[in-house]
Amino acid sequence: MIAARTRAEREALARTPEEQREHERREVAAHYENDPEIFSRVLDSRLAYATGIFLDPGESLEAAQERKFDWVRRELDIQPGERILDVGCGWGSNLIYLAERTGGSLWGVTLSDRQRQEALRRADRAGVASRVRIDLAHIEDLDLAPGSLDAVLFVGSIVHMHNRERIHQKVAAALRPGGRLLISDCYFPARARGDRESSATQYIFVQALGYCRLISLAEELGMIEQAGLDVRRVEDLTSSYVLTVARWIDNVRAHRAEIEARAPGFSRLLQTYMTVGRLSFARRTALEYMIVATKPGGRDRLGVAPSPEPRRGP
């Protein structure tokens, strides 16, 4: 068992797995139940609430997120008729992008009913509603038949899930031979940098986002391998995350009055947690990685998506 590093983790360990699942269902969902119009003022046009991929510090948020969507598409290499599960699908950013550009069948799950309704509206507007299903559920509640999925993605979502070992085992069993797993999320360095018990950490992990569990990259990879998957790729996207969050903060500032009109106090919460988070990633006291793994068997994949070009500029 991985030792708890934060107060939030220690509190989670004091709960039963069932109690922790209900805690996540309630507390994590609260942040995402806010009006989608608020997030449309802060995020890109597809409402991606995770890092983009910047090649130049001067690029727009829209360009960086478009590059990330395309990279995810190429890494997953979805073929017609394949079944894809997006865990923590948010407002449907990756889900709808993949439905528009592949022949796959897309299934998303979210803890927020407001996110689900917005994602379904967006899928309908994009003309892909017939191939997009979105359920209000926790992944631990899903009945996943063995070998029933071709790909699973967690983009900015697995950080909200405590029982990671169980989740990785569940996902690995549900993937068919040759199936793909993609994770894009936040991690702690293995050797502590900074104060993980600070009030700022507690603010982000509990007050702002409901529940977060940051582990090290090696620990996540170990759980993936123990579940029987082969790690094929790891990319450090920390610098891109710093730029992504900086764009979000700028948007919060620019639209503060509109955000406050819809949810008094929420602009302050967003700007505070994002500012602290940006500094943490800039100082590399927290890190952002993308992980791709596959289940042995099936057709051999020769590397679909090349690494991004080196970031230009200082």
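Our structure is the block above this text.
Predicted, not measured: the structure shown is a model, and the values here were computed from it.

A. Inspection of unusual backbone geometry at higher detail. At aspartate 77, a position not held by glycine, the phi torsion is positive, near 50°. Tracing the backbone shows aspartate 77 in the loop between helix H4 (61-76) and strand S1 (83-87). On the accessibility criterion, aspartate 77 (18% relative accessible area) is buried. Backbone geometry places arginine 284, a non-glycine residue, at a positive phi of 60°.

B. Main features of the nonpolar core. The biggest cluster of nonpolar side chains holds 38 residues, and the ones touching the most others in it are Tyr49, Trp248, Leu270, Tyr273 and Met274. The set of elements that each furnish at least two residues to this core consists of helix H1 (7-13), helix H2 (17-32), helix H3 (36-42), helix H8 (199-208), helix H10 (238-254) and helix H12 (266-282). Leave out the neighbours within four places in its chain, and tyrosine 49 touches His31, Tyr32, Phe39, Leu43, Trp91, Trp248, Leu270, Tyr273 and Met274.

C. Focus on the packing of aromatic side chains. Within the structure shown, the criterion is met by 12 aromatic pairs. Taking the centre distance of 6.3 Å and the plane angle of 85° together, the rings of tyrosine 241 and tryptophan 248 count as edge-to-face. There is no split in this pair, since tyrosine 241 and tryptophan 248 are both buried. Counting every residue linked through ring pairs, the aromatic cluster contains Tyr32, Phe39, Tyr49, Trp91, Tyr241, Trp248, Phe266 and Phe281. For arginine 46, the ring lying beneath its charged end belongs to phenylalanine 69, and the centroid distance is 5.8 Å. Sitting over the face of the ring of tyrosine 97, arginine 101 holds its NZ or CZ atom 3.9 Å from the ring centroid.

Here is what the cut-offs are and how they apply
Residues numbered from 1 in each chain as written. Predicted model: local features only at pLDDT ≥ 70, side-chain atom pairs only at ≥ 80, totals over all residues. Heavy atoms only, no water. Helix = DSSP H or I, 4+ residues; strand = E, 2+ residues; numbered from the N terminus. Buried < 20%, exposed > 50% of the residue type's maximum accessible area, 1.4 Å probe, protein only. Core = buried A, V, L, I, M, F, W, Y, C linked by side-chain atoms within 4.5 Å. Contact = heavy atoms within 4.5 Å. Phe/Tyr/Trp six-rings, centres within 6.5 Å; stacked < 30°, edge-to-face > 60°. Lys NZ or Arg CZ within 6 Å of the ring centre and 35° of its normal.

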